[in-house]
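# Structure assessment
Residues per chain, in single letters:
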Amino acid sequence: MQFIDTDWMMKLYDRKSDHAYRGKVNGEELGGMRMRKAGWTVFALLLTPLLSSFIGHAEAQTRSELNQLKQEMQALREEVQTKNDMIKRMQQRLEALETKMQAEVPRPVEEKMTALKQEMKTEMAAKAETSRLSGGQVFFKGGYTRMDSPRSNSLLTAQDDSDDRNGFNVGAGLDLPLMTIFNSTLLGEIYVEYIQTQHTTGDSDAKVETPPDKALAEGRGLENILTVGIAPKFRFDNLGSIRPWLAPYRPWIIPVGLTFNVNTPVNKAITNISVGGVTGVGIERLFWNNRLSLGVDFRYYWGPDIPDENLKHLTTGGYVGINF
């Protein structure tokens, strides 16, 4: 006779009951989760249009801010580039200034003193040599002449070219020292100058009585002016006090002088002597221990003209002076 184990049966029943309960509970939980998921999906679908509008507006605002930031960055780059260029220019100027300062750095004292002594010796030697001279000069000059108007009123001859106003001049003179004024010299100048403008021909209508119809002037001649002048000349001898290297140079000026002019050929008014004036400037340089001068001058001759004849003219050229 077999006996049924009631305890085992009770345990098996309890296990089945527990599995059934758990299955029920899990089914309910799974259904709840599916319902919640469906609810969130519907909620998300409802919010999508609103979120899309909000996101689009935020994206546009972000893009605008990004563009503005790019513009500010570009302006900042340009400002930095401008400042860099300014700094570069300032650096270049600073380097140029440093180079100039280095070039102008004073020489050492000993070298400077040696150069100063040499300059003083040269100046003293020049002054010592000059002190032996009285300040006078004999000069010989020559150059170019330009008449204000061509001469065309000759009695006996005619010009090769009635419009020709050019010519040349040669002359010589003597400068005598009169007095010293402000370390410069006032001179009295006496000179003679010959001026030739052009050739003439014996083509005048003037005839002699015998033999009949013979021309009074025949052949080629010269149209010229002989001038004797006396004038004060103020010569500046003190340029060495301004700059030592200017010591050999001596500019001068003639404010006004007196001239006596003899012109040929004679004009139709039978006049060939006139009085006029002269104004001039020039400069010369000393050579050979101040014994010799080379210079250039410009002179303008003016004054009353003889009848129907304009004798005003300009001369310029060089000269050689022997100092004594």
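Description of the structure in this document.

## Considering the environment of M179
Considering the arrangement of structural elements, one finds M179 in strand β3 (residues 166–181). Residues M179 and F234, 55 residues apart in the sequence, show an inter-C-alpha distance of 9.9 Å. Other than its neighbours up to four places away in sequence, M179 contacts S184, T185 and L186.

## Focus: the side chain of T227
Summarising the element assignment, T227 is placed in strand β7 (residues 220–235). Residue classification places T227 among the buried positions, given a relative accessible area of 0%. At a separation of 3.0 Å, a polar atom in the side chain of T227 contacts the side chain of N261. Not counting residues up to four positions away in its chain, the partners in contact with T227 are Y191, V192, E193, T259, F260, N261 and Y301.

## Quick word on the nonpolar core
Ranked by size, the top nonpolar core spans eight residues in total: F139, Y191, A231, W252, I254, V278, Y301 and Y319. Within the second largest apolar cluster, five residues are counted, among which are M147, I225, I306 and L311.

## Points about a nonpolar patch on the surface
There is a patch of nonpolar side chains on the surface, built from V192, L226, V228, L258, F260, V262, I273 and V275 and spanning about 620 Å² of accessible area. Among the elements that make up the nonpolar patch, the one with the highest residue count is strand β8 (residues 249–264) (three residues). Note that L258 resides in strand β8. Take L258: its relative accessible area is 38%, and that puts it in the partly exposed class.

## With respect to empty space enclosed by the protein
One way to see where empty space is left: roll a probe the size of a water molecule over the atoms. Applying the stated criterion across every chain, the model contains two cavities of 30 Å³ or more. In this structure, the largest cavity is lined by 15 residues; those nearest its centre are N261, G276, W302, L311 and K312. Contributing elements (two or more residues each) for the lining of the largest cavity: β8, β9 (273–287) and β10 (292–302). Looking at the lining of the largest cavity element by element, the count peaks at four residues for β9. Within the lining of the largest cavity, the residues separate by chemical class into six nonpolar, seven polar and two charged. Looking at the second largest cavity, its volume works out to about 30 Å³. Lining of the second largest cavity is provided by F139, K141, E189, K233, W252, D297, R299 and Y319. Residue composition of the lining of the second largest cavity, by class: three nonpolar, no polar and five charged.

## Some points on the pairing of strand β11 (residues 313–323)
Burial along β11 is one-sided: the residues H313, T315, G317, Y319, G321 and N323 are buried and none of L314, T316, G318, V320 and I322 is. Bridge count for strand β1 (residues 137–147) against β11 is eleven bridges, and the pairing is antiparallel. From the neighbouring strand, K141 faces β11, where its bridge partner is Y319.

## With respect to the packing of aromatic side chains
Under the counting rule described, the total for this entry stands at two aromatic pairs. For the cation-ring pair, K233 lies above W252, with the distance from its terminal atom to the ring centre recorded as 4.2 Å. Above the face of the Y191 ring, R299 is positioned so that its terminal group lies 4.9 Å from the ring centre.

## Points about unusual backbone geometry
Positioned with a positive phi, F182 is a non-glycine residue whose angle comes to about 55°. Of note, F182 is situated in the loop between β3 and β4 (184–201). Phi angles above zero are rare outside glycine, and N183 is one such case at about 60°. The residue N183 is located in the loop between β3 and β4 in this model. Exposure remark for N183: the relative accessible area of 60% places this residue in the exposed category.

## What to know about the side chain of K233
Here K233 is to be found in strand β7. Aside from chain neighbours lying at most four places away, what touches K233 is D175, T185, L186, L187, E189, W252, I253, I254 and R299.

## Re the environment of L178
Relative to the assigned elements, L178 resides in strand β3. L178 gets classed as exposed once you look at its relative accessible area, which sits at 55%. Along the primary structure L178 and G136 are separated by 42 residues, whereas in three dimensions their C-alpha atoms are 9.3 Å apart. Ignoring anything within four residues of it in the chain, the contact list for L178 reads L186, L187 and G188.

## Points about the environment of Q198
Structurally, the position occupied by Q198 is in strand β4. Sequence-wise, Q198 and N224 are 26 residues apart; in three dimensions their C-alpha atoms are separated by 7.7 Å.

Conventions and cut-offs
- Residues numbered from 1 in each chain as written.
- Predicted model: local features only at pLDDT ≥ 70, side-chain atom pairs only at ≥ 80, totals over all residues.
- Heavy atoms only, no water.
- Helix = DSSP H or I, 4+ residues; strand = E, 2+ residues; numbered from the N terminus.
- Contact = heavy atoms within 4.5 Å.
- Buried < 20%, exposed > 50% of the residue type's maximum accessible area, 1.4 Å probe, protein only.
- Polar contact = N/O pair within 3.5 Å; in protein donor to acceptor, adjacent residues only side chain to side chain.
- Core = buried A, V, L, I, M, F, W, Y, C linked by side-chain atoms within 4.5 Å.
- Patch = residues over 30% accessible without salt bridge, like charges linked within 9 Å, V, L, I, M, F, W, Y side chains within 5 Å.
- Areas by Shrake-Rupley, 256 points an atom, 1.4 Å probe, with all protein chains shown as cover.
- Salt bridge = Lys/Arg side-chain N within 4 Å of Asp/Glu carboxyl O.
- 1 Å grid on protein atoms, 1.4 Å probe; cavity = no way out; pocket = protein on both sides within 12 Å on 5 of 7 lines; lining within 4 Å.
- Points joined across faces, edges and corners; volume = space filled by probe spheres on them.
- Nonpolar A, V, L, I, M, F, W, Y, C, P; charged D, E, K, R; others polar.
- Pairing = 2+ DSSP bridges.
- Phe/Tyr/Trp six-rings, centres within 6.5 Å; stacked < 30°, edge-to-face > 60°.
- Lys NZ or Arg CZ within 6 Å of the ring centre and 35° of its normal.

Functional significance is not addressed by these values, which are geometric in nature.
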